[in-house]
Amino acid sequence: MQKRTLGKTGWEISVIGFGAIKLPLISHKESEILLNKALDGGINFVDTADCYSDSEEKIGRALKERRKEFYLSTKIDERDGLGVRRKLERCLRRLRTDWIDLVLFHDVRGSEYDRIFDSGGLETLEKARKEGKILKIGISIHNSLPMMRKAIESGAFSALMVAYSAFDEDRLAADLLPMAHNRGVGLIAMKPLAGGRLAERPLSHKNRRFIQGESLAQVSLRYVLSNLNITCAIPGMMKPYELNENLKVGRQPRKLTIEEIKALMECVGEAGKGFCRNCGYCLPCPEGIPIPDIFRFESYYDRYNLREWAREQYRSLVVNADACSGCEQCLDLCPYGVSIREKLKTAHRTLV
Ligand code: SF4
Ligand code: SF4
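This report concerns the structure included in the present document. (Residues numbered from 1 in each chain as written. Chains lettered and ligands numbered in written order. Predicted model: local features only at pLDDT ≥ 70, side-chain atom pairs only at ≥ 80, totals over all residues. Heavy atoms only, no water.)

Moving on: helix α12 (residues 240–251). Counted at 1.5 Å a residue, the expected span for α12 with its 12 residues is 16 Å, and the 16 Å between its end C-alpha atoms agrees. Here α12 has its buried residues at E242, L243, N246, L247, V249 and G250. In an axial view of α12, the angular spread of the buried residues amounts to 155°, which keeps them on one side of the axis. For α12, the elements touching its buried residues are α1 (28–40) and α11 (216–225). (Helix = DSSP H or I, 4+ residues; strand = E, 2+ residues; numbered from the N terminus. Expected span 1.5 Å × (residues − 1). Buried < 20%, exposed > 50% of the residue type's maximum accessible area, 1.4 Å probe, protein only. Arc of directions from axis to C-beta. Contact = heavy atoms within 4.5 Å.)

Another point: the pairing of strand β7 (residues 134–141). Side-chain direction in a regular strand flips from residue to residue, so the side chains alternate between the two faces of the sheet. A large share of β7 lies buried, amounting to 6 of its 8 residues. Alignment of strand β6 (residues 100–105) against β7, held across 5 bridges, turns out to be parallel. Bridge pairing in β7 links I100 to I134. As judged from the 4 bridges shared by β7 and strand β8 (residues 159–163), these two strands associate in the parallel manner. (Pairing = 2+ DSSP bridges.)

Time to look at the site of ligand 1. Looking at ligand 1, there are 13 residues lining it, with C285, C324, C327, E328 and C330 nearest. Among the residues making up the shell around ligand 1, the classes are represented as 8 nonpolar, 2 polar and 3 charged. (Near = heavy atom within 4 Å. Nonpolar A, V, L, I, M, F, W, Y, C, P; charged D, E, K, R; others polar.)

Scanning the entire structure with this criterion turns up 0 disulfides. The thiol of C91 is not disulfide-bonded; the next cysteine sulfur, from C51, is found 9.7 Å away. Judged by relative accessible area, C91 falls into the buried class, the value being 0%. (Disulfide = S-S within 2.5 Å.)

Turning our eyes to something else, we now look at the packing of α1 against helix α2 (residues 55–63). A pair of packed helices is captured by two measures, namely the crossing angle of their axes and the spacing between those axes. Where α1 contacts α2, the two axes come as close as 9 Å, and the packing angle between them is 65°. You can see that α1 and α2 cross each other, and the crossing is right-handed. Where α1 approaches α2, its residues H28, S31, E32, L35, N36 and L39 are matched on the opposing element by E57, K58, I59, R61, A62 and L63. Here the contact of α1 with α2 is built from residues that sort into 5 nonpolar, 3 polar and 4 charged. (Axes fitted to C-alpha atoms, helices over the stretch in contact; angles between N-to-C directions. Left-handed = near helix turned anticlockwise from the far one by under 90°.)

Right, let's get into the pattern of salt bridges. Per the stated rule, a full pass over the model turns up 25 salt bridges. Notably, a salt bridge pairs R109 with D107, separated by 3.4 Å at the nearest N-O pair. D107 carries the same exposure label as R109, and that label is buried. Residue E214 pairs with R222 through a salt bridge whose shortest N-O separation is 2.8 Å. Judged by its relative accessible area of 8%, E214 is buried. (Salt bridge = Lys/Arg side-chain N within 4 Å of Asp/Glu carboxyl O.)

Dropping the structure here:
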């Protein structure tokens, strides 16, 4: 398995990491088999989150005897000192480990960024680091480029987890990824298959001819990893064939051909019609609706079955989708043709 160094940590990480968001969709036994096969296959980075239902428990049960063989990463939703401490203790318990290699502030949005610094969250993780309970601190940010920049410049984080796939080329690749890399902040690509969208699309006949022998998911992963600023991509996995495909990408690195890139972009174009990429171009909405966040929660509800968590997140928003006045200002700003008004109505019905 090919490895790359995660920023200044010096850790040699497999380019394919195990994204554990889908473990709640399979049994303990299936998880155990899959996770052990992943480690046997050369994966040495496993990423989960406190909010991924029983994902942490499954990892803990399956890999407790192999703890020294891999880097373990989890994410916490809390921002204040007390909440972070409480969640961290739970993560350690559920993961059945004495230490976690990387703990990230999960899905940081809006004013939450400042709260990490002002209300004790970062301080608490720093303390946990000194106690040896965690080794490094990171942050995951889905869609705010200014926040990503601030996080990189702050020097507070060893790793930055960003949503990055063939869909996101334009907004991240040119600027922020090299900046993070140059400053020694390790980059982990979450949602490298756009939340599974690039794994599910059947290839058109024409594209199948170009992408010889490899699935769209594999070519998409190769595309993400062709950006050398990225240390590791963490596709969500639950089926043995997904693991096998992903392992093959990491074990046999190769450059994509021009034809493959063209074919991939064609598929991205097809799959991307009307699909929210969380770019945030539609903001600000005059009613204060956090449009991309709402679509992301909906996709967590639909695609990962994280129903309670998605609903909780939605209900805790200051402004919900039903505040939409129908002004249509956002429609002109969305470069991807998302039917924002209609989709907000559906999301509200699902999540309220
Ligand atoms: S149509 Fe609704 S969501 Fe879009 S900008 Fe207007 S109020 Fe906001
Ligand atoms: S609705 Fe459109 S503009 Fe808004 S975040 Fe999604 S893709 Fe971007």
